[in-house]
Amino acid sequence: MTKTIEPRAAAALSPQDRVDTWLADFERALQARDIPAAADLFATTSFWRDLVAFSWNLKTVEDREGVTELLEATLDTTDPSGFHTLEPPTEADGVTEAWIGFETSTGRGKGHLRLKDEGAWTLLTTLRELKGHEEGQGVRRPKGAAHGASKDRLSWKERREQEDRELGSSTQPSVVVVGGGQGGIALGARLRQLGVPAIVVDRGERPGDAWRNRYKSLCLHDPVWYDHLPYLPFPENWPVFAPKDKIGDWLEMYTQVMEVPYWSKTTCRSASYDEATGEWTVVVDRDGEEVTLRPKELVLATGMSGKPNIPDYPGMDVFTGDQHHSSQHRGPEAYAGKRAVVVGSNNSAHDICAALWEAGADVTMVQRSSTHIVKSESLMEIGLGDLYSERAVASGVTTEKADLIFASLPYRIMHEFQIPLYDRMREQDAEFYGRLEAAGFQLDFGDDGSGLFMKYLRRGSGYYIDVGACELIADGEIHLAHGQVDHLTAGAVVLGDGTELPADLVVYATGYGSMNGWAADLIGQDVADKVGKCWGYGSDTTKDPGPFEGEQRNMWKPTQQPGLWFHGGNLHQSRHYSLYLALQLKARHEGIPTPVYGLQPVHHLS
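Residues numbered from 1 in each chain as written. Predicted model: local features only at pLDDT ≥ 70, side-chain atom pairs only at ≥ 80, totals over all residues. Heavy atoms only, no water.

Asks: I would appreciate a short explanation of the side chain of lysine 455 in the present structure.
Replies: On the secondary structure map, lysine 455 appears in helix 14 (residues 452-459). Its relative accessible area of 6% is what places lysine 455 among the buried residues. Among the polar contacts made by the side chain of lysine 455, one reaches the main-chain carbonyl oxygen of glycine 462 at a distance of 2.8 Å. Every residue in contact with lysine 455, bar those within four places of it in the chain, is listed here: Ser370, His372, Asp444, Gly446, Gly460, Ser461, Gly462 and Tyr463. (Helix = DSSP H or I, 4+ residues; strand = E, 2+ residues; numbered from the N terminus. Buried < 20%, exposed > 50% of the residue type's maximum accessible area, 1.4 Å probe, protein only. Polar contact = N/O pair within 3.5 Å; in protein donor to acceptor, adjacent residues only side chain to side chain. Contact = heavy atoms within 4.5 Å.)

This is the structure in structure tokens:
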């Protein structure tokens, strides 16, 4: 006979008592394997987002039915227990919030709970460490020195050199990470701390070159509090918006200090998977030498933006000036006094236009579709201030806590939290937007008015954080043209309506394709189609077609291709999600069972 737990009146309880009561009831139901009782503790409209702890996946389930299905599939193997609060809960606007800790059969976790009168509205559960495989931190930190006398003693330097010689030759890595930008480096640091033999390969000459080799004026548009890497936060005097070369130098230093096995000047040529052995054959060119690696896991950390979208316009072969994609643009110095046409109107396009204008070029931006604009100051104050700012730090919101607060909002309802913020920005900066529109710039705030972050999560494009270029557009210093490019002539870009834009330089700020384009190149189109589109979550908005999938497609979690993983995103995502990816890889390396719940089906090939 199924045991049921009587609901308890909560109106008179303090936030602490209310959360303690819910956690006790939840744990009692789980221990009794009374799944209906556990599901009844959730509101009829509710969301449980699990990052690896229960599902060995990144998975969001909805409502009591979703909770039931998740627990039916995972409860016996996870055997959760020890639910408790980590700090005093708070209550506002009828919602009680609490930070919680818990354990599973294989690990320890942290989570966040939001309670309404009807029960749990949102629950976040995240795996933070594996039992018996904890990182060497705090009381578990390595001693470093081997006290005593030994004739065969190797110094730290000698041990590192020996490891570098052997890893990839006499010793095979468990994981190969293709791409040594912030994503690959952050994951490499996590794997190093977890004791997983891994190699990060990158074609650049030095770690950080992915930043150094971009256009001269590039700076981070996200603030420092949003951008820390794992283990080593930026120092207190680090600039709020770091220049690209400073980031490049930091990544190089970070790679050395965190002892990330990093092969520079290394290009991945091909990869193939043996279903029988569960092993990859990865062929790389390491500074002119062909090396074959045989890892169990292959991670493509080639950037969430994927391969550059380089258009194929008629006449590109007859154009006599310079032309290149924005990813290949090095800077404006050679174009003083020249006519420049930049095709596109998002972040890179604005940055490049402004830098060209500063260098004395005559600049025209071609806007092909509407663009979301947000002023940097307004984004910092209204959009990020409560989570990633000096104000947030002063109120006790650490970067880790901010990451988890952001993660605790399921994608299904995240836009509802964002819309009021961007409404405030639109009202506060009405004069600014009016001047842009008067200049002919086509603005939007996303399909539903939810602004920048939702555009980023849904499509990874379509916006610009204004750090000055918009003033040049509003003042007419950067010329504006609208429409699609029809063709190029020897000296001009011609739009669909016949408008002719004379040009000595054309920059194609035309964005990037899905990350699975790299899978197609390295492994094969069949594997790219097998895993499907990367990024977006099925919001059924522009460039993010449905059906709703609840999580970022294929990112940081198992894919339909065994042993193939995708890791990318901004510095925030590289930091936060590298932990969950590293724990999944560590579990597989140690032979810990990882039954995946809810492996993502493929709805879109690219």
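What follows continues from the structure just given.
Asks: Would you explain the packing of helix 5 (residues 182-193) against helix 18 (residues 571-589) in this entry?
Replies: Helix-helix packing: each pair is described by the crossing angle between the helix axes and the interaxial distance. Following both chains from N to C, one finds helix 5 and helix 18 inclined at 40 degrees, their axes separated by 8 Å at the closest point. Of the possible angle classes, the one that applies to helix 5 and helix 18 is oblique. The two elements helix 5 and helix 18 meet at a crossing, and its hand is right-handed. Listed contacts from helix 18 to Gln182, Gly183, Ala186, Leu187, Arg190 and Leu191 of helix 5 are Leu571, Ser574, Arg575, Ser578, Leu579, Leu581, Ala582 and Leu585. (Axes fitted to C-alpha atoms, helices over the stretch in contact; angles between N-to-C directions. Parallel < 35°, antiparallel > 145°, perpendicular 65-115°, else oblique. Left-handed = near helix turned anticlockwise from the far one by under 90°.)

Asks: How do you make sense of the sheet that holds strand 13 (residues 289-293) when you look at a structure like this?
Replies: Pairing between sheet strands relies on hydrogen bonds along the backbone, with the strands arranged either parallel or antiparallel. The strand order across the open sheet formed by three strands is 11-12-13, and the pairing between neighbours is antiparallel. Among the strands making up the open sheet, the edge pair consists of strand 11 (266-274) and strand 13. Strand-to-strand twist in this sheet, taken as the mean axis angle between neighbours without regard to direction, amounts to 15 degrees. (Pairing = 2+ DSSP bridges.)

Asks: Sorry, what's going on with the confidence of the model for the protein chain here?
Replies: Low-pLDDT stretches of the model should not have their predicted coordinates read in fine detail. For the protein chain, mean pLDDT is 95; residues scoring 70 or higher make up 98% of the total. In the predicted structure, residues 1-8 sits below a pLDDT of 50 and forms 13 contacts with residues beyond four places in sequence or in another chain. (pLDDT = per-residue confidence, 0-100.)

Asks: Could you clarify how one ought to interpret the sheet that holds strand 10 (residues 262-263) in this entry?
Replies: Read across the open sheet, the five strands follow the order 10-9-8-14-25; overall the sheet is parallel. Strands at the two margins of the open sheet, each flanked by one partner only, are strand 10 and strand 25 (564-566). Bridge count for strand 8 (residues 175-178) against strand 14 (residues 297-300) is four bridges, and the pairing is parallel. The residue of strand 14 that forms the bridge with valine 178 is leucine 300.

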